[in-house]
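# Coordinate analysis (summary)
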Amino acid sequence: MIGKVGTGKSFRGVLHYLFEGRRQESKALQMQELEKKQVEVIAYNQCFGTRLELVREMIEVAKLNPDQSKPVFHFSLSFAHSDAGTLGLQDKIDMVEKLAEKFDFKEHQYVVVAHQDTQHEHLHVVANRIGFDGKTASDSNSYKHMAEFARKMELEYNLQQVLSPNKFLKPEQRKSHSQRIDNRKEALKKHLQAAIKQSKDVQQVKKYMEQQGYEVELGRGIAFTDAQQVRFKGSQVGYALMDIEKKLKQEQLLRQQEQNRQAQLLMQQQEELKKQQQQEKEKQQGRQHTKSISR
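Residues numbered from 1 in each chain as written. Predicted model: local features only at pLDDT ≥ 70, side-chain atom pairs only at ≥ 80, totals over all residues. Heavy atoms only, no water.

In the nomenclature of an unreviewed UniProt entry, the chain is known as Relaxase/mobilization nuclease domain-containing protein of Mucilaginibacter robiniae.

The structure is reproduced here in structure tokens:
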């Protein structure tokens with residue numbers, strides 16, 4: 001399981017994204033985006049209603065601590081492909097309650113949203129860091145706490161285990177962890193090299209990598225998640241989106257140059273063949289002429 005945590009300023013922005021998706025250019029495209037996300041609210045805590053009602057309720061409570069500029073907690077819990085169907089609805093709700101206890105927002109407002117817009121199950125939790133007493137849930141060491149929580153849930157619910165970031169491991173664990181990471185990076189690089197050699201554009205690279213078992217996130221940048229749910233940005237292996245686009249152009253240029261070379265070689269061969277045929281024809285004419293004279 002991969003867990004992510006962040007803080008933000010706007011309940012309106014994050015809830016719009018979770019319920020409506022990224023803003024599209026037209027109403028029709030926005031409806032397609034909504035259908036793709038397959039949004040399902042599976043739990044409310046200390047709040048209830050539509051997206052707009054949730055925004056209003058959370059903003060009202062956040063006003064109890066006007067000095068806090070980032071009242072939003074946003075968590076995501078992503079499960080491995082092999083974990084599909086492992087967790088029931090109540091399991092997911094129970095897991096979020098344990099998350100709330102871990103991050104000290106158990107008595108705060110929060111909503112749990114399930115999405116089905118990727119190849120693996122994932123949940124989003126939007127919580128108000130401000131409680132009804134005006135106190136703020138801490139975000140100190142949140143990434144470390146998130147990694148600890150994810151490892152604990154994997155064991156508790158028998159989910160596929162994922163590597164924690166190296167900086168969150170004990171010193172004796174880091175060597176083997178780094179070796180495994182390096183092996184995964186090398187495998188990813190080899191797949192990308194093969195993908196670029198046989199692709200014309202980034203979309204074809206994406207399709208090739210998905211066929212190799214990677215989940216590909218393509219936007220302003222590019223990232224890859226392997227079968228063990230280990231995620232790498234393209235830049236971490238020397239293949240940022242700009243690098244891939246540059247290498248694709250280089251490969252296209254090389255292919256074009258090779259095609260030109262082959263075409264030129266074929267033309268030379270044809271010219272040589274014509275020359276040989278002409279020479280042979282002249283020899284035959286010469287022999288016929290000699291025979292005519294000798295008679």
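Here the narrative resumes, following the displayed structure.
### Observations regarding helix α5 (residues 142-156)
Threshold: Helix and strand definitions follow DSSP, with helices as H or I runs of at least four residues and strands as E runs of at least two, each counted in order from the N terminus. In a helix, the anticipated span is given by 1.5 Å times the number of residues less one. When a residue's accessible area, from a 1.4 Å probe over protein chains only, is under 20% of the maximum for its type it is buried; when over 50% it is exposed; and in between it is partly exposed. Contact between two residues is taken to exist if any of their heavy atoms lie within 4.5 Å; hydrogens are not considered.
The first and last C-alpha atoms of α5 sit 21 Å apart over 15 residues, in line with the 21 Å expected at 1.5 Å per residue. Residues of α5 that are buried: Ser142, Met146, Ala147, Phe149, Ala150, Arg151, Met153 and Glu154. The elements touched by buried residues of α5 are β1 (2-8), β3 (72-78) and α4 (89-102).

### Notes on the pairing of strand β7 (residues 222-225)
Side-chain direction in a regular strand flips from residue to residue, so the side chains alternate between the two faces of the sheet. Inclusion rule: Here the rule is simple: two strands pair whenever DSSP picks up at least two bridges between them.
Of the two faces of β7, the one holding Ile222 and Phe224 and the one holding Ala223 and Thr225 are both buried throughout. Of the strand pairs in this sheet, strand β6 (residues 215-218) and β7 are connected by four bridges, and their pairing is antiparallel. Its bridge partner lying in β7, Val216 is registered against Phe224. Taking the residues between adjacent antiparallel strands as the criterion, β6 and β7 are bridged by three residues.

### Description of the pattern of salt bridges
Quick reminder of the rule: We define a salt bridge as a side-chain nitrogen of Lys or Arg found within 4 Å of a carboxyl oxygen belonging to Asp or Glu.
Applying the stated rule across the entire model yields 12 salt bridges. With a shortest N-O distance of 3.1 Å, Glu60 and Lys63 are connected by a salt bridge. We classify Glu60 as partly exposed; its relative accessible area is 48%. Glu210 serves as the salt-bridge partner of Lys206, at 2.6 Å between the closest nitrogen and oxygen. Within this pair, Lys206 and its partner Glu210 are both found in helix α7 (residues 202-211), separated by four residues, close to a single helical turn. Given a relative accessible area of 28%, Glu210 falls into the partly exposed group.

### With respect to α4
As a reminder of what qualifies: Arc definition: it is the arc formed by the directions from the helix axis to the C-beta atoms.
For α4, which comprises 14 residues, the first-to-last C-alpha distance of 20 Å matches the rise-based estimate of 20 Å (1.5 Å per residue) to within 8%. Among all positions of α4, only Lys92, Ile93, Met95, Val96, Leu99 and Ala100 are buried. Along α4, the residues classed as buried sweep out an arc of 160° about the axis, all on the same side. Among the structural elements, β2 (40-45), β3, β4 (110-115), β5 (122-128) and α5 are those in contact with the buried residues of α4. Downstream of α4 by one or two residues, Asp104 has phi in the positive range, about 65°.

### What about the nonpolar core?
Nonpolar side chains tend to gather and get buried jointly when the protein is soluble and globular. Heads up, the condition is: We call a set of buried residues a nonpolar core when its members are Ala, Val, Leu, Ile, Met, Phe, Trp, Tyr or Cys and they connect through side-chain atoms within 4.5 Å of each other.
Core analysis: the largest hydrophobic core is formed by 29 residues, its most contacted members being Met1, Phe75, Met95 and Phe105. Elements supplying a minimum of two residues to this core: β2, β3, α4, β4, β5 and α5. Residue contributions to this core peak at five residues, all from α4. Among all residues touching Met1, those that are not within four sequence positions of it are Leu77, Ser78, Phe79, Met95, Phe149, Ala150, Arg151, Met153, Glu154, Leu159, Gln160 and Val162. In this structure, Leu188, Leu192, Tyr214 and Val230 belong to the second largest nonpolar core, which totals 19 residues.

### Some points on the packing of α4 against α5
Operational definition: Every axis in this analysis is a line fitted to C-alpha atoms, fitted for helices over the stretch in contact. Angles between the N-to-C directions lie between 0 and 180 degrees. In this scheme, a crossing is called left-handed if the near helix is turned counterclockwise away from the far one by less than a right angle; it is called right-handed if the turn is clockwise. Residue polarity is assigned by list, with Asp, Glu, Lys and Arg as charged and Ala, Val, Leu, Ile, Met, Phe, Trp, Tyr, Cys and Pro as nonpolar; anything else, Gly included, falls into the polar class.
Their axes nearest at 11 Å, the elements α4 and α5 cross at an angle of 145°. In this structure, α4 meets α5 at a crossing whose hand is right-handed. For the pair formed by α4 and α5, the contact residues are Met95, Lys98, Leu99 and Lys102 on the first element and His145, Met146, Glu148, Phe149, Met153 and Glu156 on the second. Grouping the constituent residues of the contact of α4 with α5 by class yields five nonpolar, one polar and four charged.

### Regarding the sheet that holds β2
Read across the sheet, five strands follow the order β1-β3-β5-β4-β2 without closing on themselves; strand pairing throughout is antiparallel. Edge positions in the sheet fall to β1 and β2, since each has one partner strand and no second. Shown here is a sheet whose adjacent strand axes are inclined to one another by a mean of 15°, direction ignored. Relative to the sheet, α5 contacts β1 and β3, its axis offset from that of β1 by approximately 150°.

### Brief notes about the sheet that holds β7
The strand order across the open sheet built from three strands is β6-β7-β8, with neighbouring strands paired in antiparallel fashion. Edge positions in the sheet fall to β6 and β8 (231-233), since each has one partner strand and no second. Across the sheet, the mean angle separating the axes of adjacent strands is 20° when strand polarity is ignored. Lying on the sheet, α7 is in contact with β6 and β7; it crosses β6 at an angle near 155°.

### Section: the packing of helix α1 (residues 11-20) against helix α3 (residues 51-62)
This is how the line gets drawn: Oblique is the label for every angle not falling under 35 degrees (roughly parallel), over 145 degrees (roughly antiparallel), or within 65 to 115 degrees (roughly perpendicular).
Packing of α1 against α3 leaves a shortest axis separation of 10 Å and a crossing angle of 155°. Overall, the two elements α1 and α3 adopt an arrangement that is roughly antiparallel. Helix-helix and strand crossings are classified by hand; for α1 and α3 the assignment is right-handed. Within the contact between the two elements, α1 uses Phe11, Arg12, Leu15, His16, Phe19 and Glu20 and α3 uses Arg51, Leu54, Val55, Met58, Ile59 and Ala62. A per-class count over the contact of α1 with α3 returns eight nonpolar, one polar and three charged.

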